[in-house]
Amino acid sequence: ASPDAAATYDELLGNLWIQGITGGDVTNGTANVYTWNGSAFTAVSNMSNAIGAGTGLIVYVYQDDDYSTTPDAGSFPKTLDITGGENTSSAKPSLTSGADAWTLAGNPFAAALDSDNLFADNTAMNDAVYVWDPAANGGAGDYISWNGGGGTLAGGLISPFQGFWVQNDNTGNAPSLSIDVADKSTGATFYKSSPVPVLHLRAHMGDLSNDLFFSFTQDGLTGKDSRDAFHLVPLNTDAGHIRLGVLQGEQVLSISNLPLHLDSEIRQPIRFAAYEPADSGWKSVGGRVTLSLVEARNLPSDWVVEFTDRKTGRRMDLSELD
C-alpha cells in the first residue's frame, strides 16, 4: 500500500522489474502487480494509474532488476521509497459487496495503523484483520491475524506500506470502512496490553508451526461472531504448511472468539493438519506434532481450562502444558 496521497504504481514500484503491464519495463510476460477485484487477483492495467488511498496490492518481486540471463547477484533485499505528501484525511477504500466478501485494503499512512481503532469505524464488517507474513511458518510464509484481543499480528498494528485483508459480515448489508488519521498509532499506544482473556496455543512439526487463539469478549458467541478469524490458505505453494484451528462447520478458525461470561461448559473442537506441496496444490501428510501453550493471559481465577484427547480420553489441565 502507499502512504502517499497521490502516488502512482510506478512511483511506488518503479525501481523493481515490472512486466506485462503498460508503463512497466516490458509489456510482455506475466504481469507481477495485482489488486483484488472481489473474486480474483487482477493485473494492474497501467503503471501511471494512481494507486488510491487505502488500496492493497500484491506484487511478485523478481531478483533481476533488468532482463538478463544471469540473475543480478546480491540484489536482495530491495528497498521501496517514495517522496510526496502523506495522506492527511480519511481513506475509504472501495469494498467488495456481498455477505462474507473479502477486500484487500492497505495502510494509507506513514505510521503504524492500530486495527483496534479501525474496528470501531466499520459497518457490516467482521472485526478481524489478516496480513501475509513471509517469515511465519518457519520461513515458508503464512497469514497472521488479529481480532482486537489476540492473534499473531503483534498488538494489531499494521505497518506502513502494508496491505491487509478484511471481510464483510454475513448480513449482506452494505459494508463501509473508514481508515482515519486518528487510527494511527503513536507514542504509548504502540505497545499496549489488553484486558481481554486470551489463550494462545502453538503446534510444531519439524520447522513448521502454526498458532491458535481463543479470546473472550462481551460480544463473543459460541457460534460465528465478528471477531472470529479464519485460517487462510497460504500464498506460497512451494512449501509445506500446517494448520491448528477450531472447527466451525466446514471452516477452520485461527482465532475463536467466545463469550466472556460463561453459564455452562464450552467445548471447542480443535483440528490439526499438515500439508506438503503437490501438483494440485497440497496433499496431507502425517508426522509427530508438539502442542504447546504459549500464553494464558487475563483468565479469571475461577476458570478451569482442560484439553481432552478424544482418542485416549485423557484430560489435561492447562497448567500441565508447557
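Being a predicted model, the structure only gives us computed values, none of them experimental.

**Student:** Which residues make up the overall build of the protein chain, and what values do they have?
**Tutor:** The helix and strand tally for the protein chain stands at two helices and 19 strands. At 21 Å, the protein chain has a C-alpha radius of gyration in line with the 20 Å of a compact globule built from 322 residues. Seen through its C-alpha atoms, the protein chain measures out along the principal axes to roughly 60 × 45 × 35 Å. For the protein chain, the proportion of its 322 residues judged to be buried stands at 45%. Between the mean site of the 17 positive side-chain charges and the mean site of the 38 negative ones, the protein chain shows a separation of 10 Å.

**Student:** How would you explain empty space enclosed by the protein if you had to name every residue and give the values?
**Tutor:** Applying the stated criterion across every chain, the model contains one cavity of 30 Å³ or more. In terms of lining residues, the largest cavity is bounded by L118, F119, N122, M125, N126, A128, V129, V166 and L177. When the residues that make up the lining of the largest cavity are grouped by side-chain class, the tally is seven nonpolar, two polar and no charged.

**Student:** An account of the sheet that holds strand 1 (residues 33-36) is requested, with residue identities and associated values reported.
**Tutor:** The strand order across the open sheet built from three strands is 2-1-3, with neighbouring strands paired in antiparallel fashion. The open sheet has two edge strands with one neighbour each: strand 2 (41-43) and strand 3 (58-59). Here strand 1 pairs with strand 2 via three bridges, running antiparallel. Across the sheet, residue Y34 finds its bridge partner in strand 2, namely A43.

**Student:** Could you give me a rundown of the nonpolar core, with the residues and numbers involved?
**Tutor:** Membership of the largest hydrophobic core comes to 32 residues, with the highest contact counts inside it found for Y130, L201 and F214. Those residues in contact with Y130 that sit more than four places away from it in its chain are W102, Y143, I144, S145, F164, W165, D228, A229, F230 and L232. The next biggest cluster of nonpolar side chains, apart from the first, holds 18 residues, and it includes A91, L113, L118 and I144.

**Student:** Tell me about the pattern of salt bridges, and name the residues and values.
**Tutor:** Note that side chains of opposite charge can pair when their charged atoms are close. Counted under the stated rule, the structure contains eight salt bridges. Close ionic contact of D211 with R202 constitutes a salt bridge, the shortest N to O distance being 2.8 Å. With a relative accessible area of 14%, D211 lands in the buried category. When its relative accessible area of 26% is taken as the criterion, R202 is described as partly exposed. Here R315 and E306 are joined by a salt bridge, their closest N and O atoms 2.5 Å apart. Exposure remark for R315: the relative accessible area of 46% places this residue in the partly exposed category. In this structure E306 comes out as partly exposed when scored by relative accessible area, which is 37%.

**Student:** Explain unusual backbone geometry to me, and be specific about the residues and the numbers.
**Tutor:** The backbone of A124 shows a phi angle near 60°, a positive value even though the residue is not glycine. Along the chain, the position of A124 falls in the loop between helix 2 (115-121) and strand 6 (129-133).

**Student:** Give a description of the pairing of strand 9 (residues 163-167) that names residues and reports values.
**Tutor:** Within strand 9, five of the five residues are buried, leaving the element largely enclosed by the surrounding structure. Judged by which residues are buried, strand 9 turns out to be covered on both faces: G163, W165 and Q167 on one side and F164 and V166 on the other are all buried. Across five bridges, strand 4 (residues 102-106) lies against strand 9 in antiparallel orientation. For W102, the partnering residue across the bridge sits in strand 9 and is Q167.

**Student:** Which residues make up the packing of aromatic side chains, and what values do they have?
**Tutor:** For the structure shown, the criterion picks out eight aromatic pairs. Here the aromatic rings of Y60 and Y62 are separated by 4.9 Å at their centres, their planes lie at 70°, and the arrangement is edge-to-face. When the centroid spacing of 5.2 Å and the interplanar angle of 65° are considered together, the rings of W102 and Y130 count as edge-to-face. Of this pair, W102 sits in strand 4 while Y130 sits in strand 6, placing them 28 residues apart in sequence. Classification of Y130 by relative accessible area gives buried; the value is 2%. Taken together through their ring pairs, the aromatic side chains of W36, F41 and W165 make up a single cluster.

**Student:** Outline the confidence of the model for the protein chain, supporting the account with residue identities and numerical values.
**Tutor:** Taken as a whole, the protein chain shows an average pLDDT of 88; of its residues, 95% reach a score of 70 or greater. Within the model, the stretch residues 187-194 combines pLDDT values under 50 with 12 contacts to residues more than four positions away or in other chains.

**Student:** Please set out the environment of D10 residue by residue, giving values where relevant.
**Tutor:** Counting through the fold element by element, D10 comes out in helix 1 (residues 9-13). Residue classification places D10 among the partly exposed positions, given a relative accessible area of 36%. Counting along the chain gives 92 residues from D10 to W102, while the straight-line C-alpha distance between them is 26 Å. Not counting chain neighbours up to four residues away, the residues in contact with D10 comprise G23 and M47.

**Student:** I'd like to hear about the side chain of N137, residue by residue, with values.
**Tutor:** Considering the arrangement of structural elements, one finds N137 in the loop between strand 6 and strand 7 (142-146). The class for N137 is buried, based on a relative accessible area of 4%. Engagement of the side chain of N137 in a polar contact is seen with the backbone oxygen of G240, the distance being 3.2 Å. Once you skip the residues sitting within four places of it in the chain, N137 turns out to touch D142, D207, L208, S209, G240, H241 and I242.

Cut-offs used in this document
- Here the residue index of a chain counts from 1 through its sequence in written order.
- The model is predicted, so local features are restricted to residues of pLDDT at least 70 and side-chain atom pairs to those at 80 or more, both for listing and for counting; the totals for chains, interfaces and linings are taken over all residues.
- Hydrogens are left out, water is left out, and the side-chain values use all remaining heavy atoms of the structure.
- In this text, helices come from DSSP runs of H or I with a minimum length of four residues, and strands from runs of E with a minimum of two, each type numbered from the N-terminal end.
- Radius of gyration here is computed from C-alpha atoms only, and the compact-globule reference equals 2.2 Å multiplied by the residue count raised to the power 0.38.
- Exposure is judged per residue with a 1.4 Å probe applied to protein chains only, and the accessible area is read against the type maximum: over 50% gives exposed, under 20% gives buried, and values in between give partly exposed.
- Only four residue types enter the charge count, namely Lys and Arg as positive and Asp and Glu as negative; His and the chain termini do not.
- Note that the charge is assigned to NZ on lysines, CZ on arginines, CG on aspartates and CD on glutamates.
- Only protein atoms enter the 1 Å grid used here, on which a cavity is any set of points holding a 1.4 Å probe that cannot leave and a pocket is any open set flanked by protein within 12 Å on both sides along at least five of seven lines; residues with an atom within 4 Å of a point are listed as lining.
- Grid points are joined across faces, edges and corners, and a volume is the space filled by probe spheres set on the points.
- We call Asp, Glu, Lys and Arg charged. Ala, Val, Leu, Ile, Met, Phe, Trp, Tyr, Cys and Pro are nonpolar, and the rest, Gly among them, are polar.
- Criterion used throughout: strands pair if DSSP finds at least two bridges between them.
- Buried Ala, Val, Leu, Ile, Met, Phe, Trp, Tyr and Cys residues that are joined via side-chain atoms within 4.5 Å together make up what is termed a nonpolar core.
- In this analysis, two residues are considered to be in contact whenever any of their non-hydrogen atoms come within 4.5 Å of each other.
- A carboxyl oxygen of Asp or Glu within 4 Å of a side-chain nitrogen of Lys or Arg is what we treat as a salt bridge.
- Two rings from Phe, Tyr or Trp (for Trp, the six-membered ring) form a pair when their centres sit within 6.5 Å of each other. Planes less than 30 degrees apart are called stacked, planes more than 60 degrees apart edge-to-face, and all others tilted.
- Each residue carries a pLDDT score, the predictor's confidence in it, ranging from 0 to 100.
- Any N or O atom pair separated by 3.5 Å or less is treated as a polar contact, with the protein-specific requirement of one donor-capable and one acceptor-capable atom, and with residues adjacent in sequence counted only for side-chain atom pairs.

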